[in-house]
Amino acid sequence: MLSFVLRRIGVMILTAFALTFVVFYMTNLPPNLEKLAKSEASVRMDDDAVASWLAENGHTGPVLMRYGEWLGLLPGWTLTAEDGKVTGRCIEDGMDPAAAPTRCGILQGNWGYSTVFKATVSDVLARSLGATGWLMLWVMIVMVPSSLLLGVLSGMREGSRTDRVLSTFAITTTATPEYVSGVILIALLASATAGISPILAEAGWIEGKTLFPGTATSAMDDITFWNFFLPVMTIALYGIGYIARMTRASMTEVMTQQYIRTARLKGVAFRDVVMKHALRNALIAPFTVIMLQFPWLLNGVVIVETLFNYKGFGWTLVQAAGNNDIDTLLACSVVAVFVVLVTQLISDIGYVFLNPRIRLA
Amino acid sequence: MEDALSWGSILARIAAQLLPVWVGLIAVFALSIQFKRRLGLYGRIFDSPVGMTGFGLVMFWVFTAIFADWIITHDPLGQLSGMKNIVPGSPLADPVEGAYPYYLLGGDHLARDVFSRVVMGAREVLKIAPAATVVAFMVGITLGLPAGYFGGKLDSSLSFLSNLVLAFPVILLFYLLVTPEIRVTGIPIVLAALLFIFPVIFLTILFNSRFFTNPAKRNLYVGLTLLFGLWAYSGLAFNADPLGVWSMDPNMLNVFVSVVFVNSPGVFRIVRGMVMDIKTRDYVAAGQTRGEGPWYIMLWEILPNARGPLIVDFCLRIGYTTILLGTLGFFGLGVTPESPDWGSTINYGRRLLAIAPHPAVVPAVALMSLVLGLNLLADGLREESMKD
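Residues numbered from 1 in each chain as written. Chains lettered and ligands numbered in written order. Predicted model: local features only at pLDDT ≥ 70, side-chain atom pairs only at ≥ 80, totals over all residues. Heavy atoms only, no water.

## Focus: the overall build of chain B
- In terms of helices and strands, chain B carries 17 helices and 2 strands.
- Seen through its C-alpha atoms, chain B measures out along the principal axes to roughly 80 × 55 × 40 Å.
- Here the analysis covers contacts within chain B between residues at least 6 apart in sequence; of these, 72% occur between residues at least 24 apart.
- On chain B, roughly 16,900 Å² of surface is accessible, and the fraction owed to carbon and sulfur atoms is 67%.
- Looking at chain B, you have 26 positive and 25 negative side-chain charges, and the mean spots of the two groups are 10 Å apart. (Helix = DSSP H or I, 4+ residues; strand = E, 2+ residues; numbered from the N terminus. Contact = heavy atoms within 4.5 Å. Areas by Shrake-Rupley, 256 points an atom, 1.4 Å probe, with all protein chains shown as cover. Lys, Arg positive; Asp, Glu negative; His and termini not counted. Charge placed at Lys NZ, Arg CZ, Asp CG, Glu CD.)

Next up, the structure:
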């Protein structure tokens, strides 16, 4: 077991290095750097000026070396100008070059400076991850119980009418990506001209023009049912269908097992068969699926935060990518890669713990 | 000025406009149900109501894409004055002789006809999604077969690479891969050169392993494959087709390559897993004892026996690709602003959702119904192929 976990962690670290290097390489391609130089210094620079700006700001070394500097494994670059002034990656304005640390990368906690948000990347990340954390928490609270319930209900009697209805619902939600369900939900519930809001407003049942607000910006300060319902439902709906289908498949398989039949023939009530004999075994497979759902949630978060203008992690990523904010984009991808890899690890290890039949070499 | 149409007459007019689609659907269903016993797995779709519904939805959009030129009521890029964000069923503000007198599903933020744009959008989506899925399958199969069959170092390194791509959040990858800047660096062309060679390799090995005992036939098939394959390859990947038949818009190439790149590791994993299962069967051992080559066993004995799950996955994956294309459009990546594809139409429509929801809702429902159709079709196929 221990060697399995260690090997998995080893592969994970290797993957993390490879992925971050790819992102670093792609964000530091020459055209991107040129754009950065023009946006930071002056739009009307000619090619020579761009080249010298890049050289002065340490963007010219070999990619691997710059990657090492960014990680904090290699010492940061320093440059002595003609007038004797020393600048460098780790030397802030007005700092004594001798006192500056030699290495300053993300391993030392230096994530860089965001050119879009005009703040250090760690501040930007902390704020946006906090916002997204609340969103994810509520999505999980809504998604996991309801999808497991749906899956178990439809899987316990395969082919029944309940099963047909619930399966149709599940397959419909899996066919509805977030940008579609979000748009439909807004049109139904948060539009002044369509859906149910005009009817409710006319009847005097709601105070404003719409039942739900069409954005979740106000949820940044104060989360309420009204401003959080639509974004949470939009993300959760897509996942509900998928997890419910997995749970259903696993439940139907368990229900055909010998021990279920034995329990039924013994005269145990159907309720008790489901609750005591089938449920635990049926929930092993969905556990993995739920964990592997996290990377998907990340996608959903990006779309939903853009759609509802909720300034969390996804929104930050889109802003950073759209405005060539290299440091922020790199930091966002580190977080995303980290989330994906950790959930994969947890799902692997959790699977082994839940399922005693699996033995690892 | 005439009154706006009621919803009933809007639907009736849309149905009338879609006439070629209905004719096509009825023809396909009548023929297929008539001969369903002779059509193998395809015919058995018509035994399951779920599969039939899915097939119907998919074919509806396929026919819509094919007959799009006859169905549309207005030029999908044409802007008519006074029709901005107008509600569905509105008559034209200043009717022109010969022009269709209504905007059936309203106008968008640039006063274009939503109905015609959705119909044309179907063509955009169905042009890319199936083709990208086919290429992704060829890449996945060509790499997955040897990885599962030989195992060892080859398997571990290919699996590591595929896990690498799978661990990448899709949206981040798109933001890195589909930008105007990246085209300057030539990375899409490198990726295209890498990915588009796989169909050629796949078909070459396929025919070579089957007919290498019969050189005349082998030379014919392999020669034809290489001729056409490399011809198309030079045009599509490098835009260097000497005859100028095959070419791809750089924007489109970028989108296409990224979608294939994201999809192929998934296919690789499925194929690899199935090969590892099937290669323990007796008929594979029998083939090995007879002295059949590894590629013959992989391509002509293992692959046909893995077709059921692969066909199901193919349907699901076209749906997934459609969702991905929509995501790209939604973030405005790799598409031209006037493109009628569903994703970018939703993107432009969503900004005005509170006032005029129809420009976003119509393509949203269209995209949902196509993906739903593909999922239902996959479900039906899975059920029917399980009965074997």
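Here the narrative resumes.
## Some details on the overall build of chain A
- Per the secondary structure count, chain A includes 14 helices and 4 strands.
- The globule rule puts the C-alpha radius of gyration for 361 residues at 21 Å, and the 26 Å found for chain A is more than 25% above it.
- C-alpha extents for chain A along the principal axes are approximately 90 × 65 × 30 Å.
- In chain A, the share of contacts with a sequence separation of at least 24, taken over all contacts with a separation of at least 6, comes to 65%.
- With an accessible surface of roughly 18,000 Å², chain A has 63% of that area assigned to carbon and sulfur atoms.
- Computed over 26 positive and 26 negative side-chain charges, the inter-centroid distance for chain A is 20 Å. (Rg over C-alpha atoms; globule rule 2.2 N^0.38 Å.)

## Notes on the interface of chain A and chain B
- Each partner contributes to the interface: chain A provides 48 residues, whereas chain B provides 42 residues.
- Between chain A and chain B the total buried area reaches about 3,800 Å² when both faces are included, carbon and sulfur atoms providing 80% of it.
- Arg 245 of chain A is paired through a salt bridge with Asp 379 of chain B; the nearest N and O atoms lie 2.9 Å apart.
- The tally of links between chain A and chain B comes to 4 residue pairs in polar contact (both at pLDDT 80 or more).
- At the level of secondary structure, the elements contributing two or more residues to the side of chain A that touches chain B comprise helix H1 (2–27), helix H2 (30–40), helix H6 (161–174), helix H7 (178–189), helix H9 (225–255), helix H12 (284–308), helix H13 (313–322) and helix H14 (326–354) of chain A.
- Here the side of chain A that touches chain B takes 10 residues from H1 of chain A, the largest share from any one element. (Buried area = accessible area lost by both parts, 1.4 Å probe. Salt bridge = Lys/Arg side-chain N within 4 Å of Asp/Glu carboxyl O. Polar contact = N/O pair within 3.5 Å; in protein donor to acceptor, adjacent residues only side chain to side chain.)

## A look at unusual backbone geometry
- At Lys 118 of chain A, a position not held by glycine, the phi torsion is positive, near 50 degrees.
- Tracing the chain through its elements places Lys 118 of chain A in the loop between strand S3 (113–114) and strand S4 (119–120).
- Here the phi dihedral of Ala 111 of chain B falls at roughly 65 degrees; this positive angle occurs in a residue that is not glycine.
- Tracing the chain through its elements places Ala 111 of chain B in the loop between strand S2 (102–103) and helix H6 (114–150).
- By relative accessible area, Ala 111 of chain B is classed as buried at 8%. (Buried < 20%, exposed > 50% of the residue type's maximum accessible area, 1.4 Å probe, protein only.)

## Regarding empty space enclosed by the protein
- Tallied over the full model, the rule gives 5 cavities of 30 Å³ or more.
- The computed volume of the largest cavity comes to approximately 90 Å³.
- What lines the largest cavity is a set of 13 residues, and nearest its centre among them are Trp 296, Asn 299 and Ile 303 of chain A together with Ile 323 and Thr 327 of chain B.
- Residue assignment for the lining of the largest cavity shows that the elements contributing at least two residues are H12 of chain A together with helix H8 (170–177) and helix H15 (307–330) of chain B. (1 Å grid on protein atoms, 1.4 Å probe; cavity = no way out; pocket = protein on both sides within 12 Å on 5 of 7 lines; lining within 4 Å. Points joined across faces, edges and corners; volume = space filled by probe spheres on them.)

## A word on H13 of chain A
Residue and element names in this part refer to chain A.
- Among the 10 residues of H13, 8 are classified as buried, and the element is accordingly described as predominantly covered.
- For H13, the full list of buried residues reads Phe 313, Gly 314, Trp 315, Thr 316, Leu 317, Val 318, Ala 320 and Ala 321.
- One or two positions beyond H13, positive phi appears at Asn 324, with a value near 60 degrees.

## Remarks on the side chain of Ser 369 of chain B
Residue and element names in this part refer to chain B.
- Position of Ser 369 relative to the elements: it lies in helix H17 (residues 358–386).
- Judged by relative accessible area, which is 16%, Ser 369 ranks as buried.
- Not counting the four nearest positions on each side in its chain, Ser 369 is found in contact with Leu 57 and Trp 61.

## Here we look at the layout of surface pockets
All names here are of chain A.
- The computed volume of the second largest pocket comes to approximately 1,200 Å³.
- Lining the second largest pocket are 35 residues; nearest its centre among them are Asn 57, Trp 77, Gly 88, Arg 89 and Asp 327.
- Secondary-structure elements contributing two or more residues to the lining of the second largest pocket are H2, helix H3 (47–56), helix H4 (63–71), strand S2 (86–88) and H14.
- Looking at the lining of the second largest pocket residue by residue, the classes come out as 15 nonpolar, 10 polar and 10 charged. (Nonpolar A, V, L, I, M, F, W, Y, C, P; charged D, E, K, R; others polar.)

## Topic: the environment of Ser 181 of chain A
Residues and elements named next belong to chain A.
- By the element assignment, Ser 181 lies in helix H7.
- Residue class for Ser 181 comes out buried when judged on its relative accessible area of 5%.
- Taking C-alpha positions, Ser 181 is 41 Å from Phe 4, a pair spaced 177 residues apart along the chain.
- In this structure, Ser 181 is in contact with Thr 176 and Thr 234, ignoring residues within four places of it in sequence.
- Of the polar contacts made by the side chain of Ser 181, one reaches the backbone oxygen of Glu 178; its length is 3.4 Å.

## Comments concerning H6 of chain A
- With 14 residues, H6 of chain A ought to run about 20 Å at 1.5 Å a step, and its terminal C-alpha atoms sit 20 Å apart, in line with that.
- Among the residues of H6 of chain A, Asp 163, Leu 166, Ala 170, Ile 171, Thr 173 and Thr 174 of chain A are the ones counted as buried. For H6 of chain A, the angular spread of buried residues about the axis comes to 160 degrees, placing them on one side. Set apart from the buried face of H6 of chain A by more than 90 degrees, the exposed residues are Arg 161, Arg 164 and Val 165 of chain A.
- Check the buried side of H6 of chain A and you find it contacts helix H5 (121–156) and H9 of chain A together with H15 and H17 of chain B. (Expected span 1.5 Å × (residues − 1). Arc of directions from axis to C-beta.)

## Topic: the packing of aromatic side chains
- Summed over the entire model, instances satisfying the criterion amount to 30 aromatic pairs over all chains.
- Judged by centre distance (5.3 Å) and plane angle (50 degrees), the rings of Phe 225 of chain A and Phe 229 of chain A are tilted. With Phe 225 of chain A and Phe 229 of chain A both in helix H9, this residue pair falls 4 residues apart, about one helical turn.
- Between Phe 63 of chain B and Phe 67 of chain B, the ring centres sit 5.9 Å apart and the planes meet at 10 degrees, which makes this aromatic pair stacked.
- A relative accessible area of 10% means that Phe 63 of chain B is categorised as buried.
- Feature note: the residues Phe 21, Phe 24, Tyr 25, Tyr 67 and Trp 70 of chain A constitute an aromatic cluster, connected by ring pairs. (Phe/Tyr/Trp six-rings, centres within 6.5 Å; stacked < 30°, edge-to-face > 60°.)

## A closer look at the confidence of the model for chain B
All names here are of chain B.
- Chain-level pLDDT for chain B is 88 on average; 99% of the residues reach the 70-or-more range.
- Highest mean pLDDT in chain B belongs to helix H4 (residues 49–66) (93); lowest belongs to helix H9 (residues 180–185) (79).
- Note on the complex model: pTM 0.88, ipTM 0.85. (pLDDT = per-residue confidence, 0-100.)

## Re the nonpolar core
- Among the nonpolar cores identified, the biggest contains 183 residues, and Phe 196, Phe 331 and Trp 342 of chain B are the most heavily contacted of them.
- Among residues more than four places away in sequence, those in contact with Phe 331 of chain B are Val 302, Ile 303, Thr 306 and Val 318 of chain A together with Ile 171 and Tyr 175 of chain B.
- Core analysis: the second largest hydrophobic core is formed by 20 residues, Met 138, Leu 206, Val 271 and Ile 302 of chain B among them. (Core = buried A, V, L, I, M, F, W, Y, C linked by side-chain atoms within 4.5 Å.)

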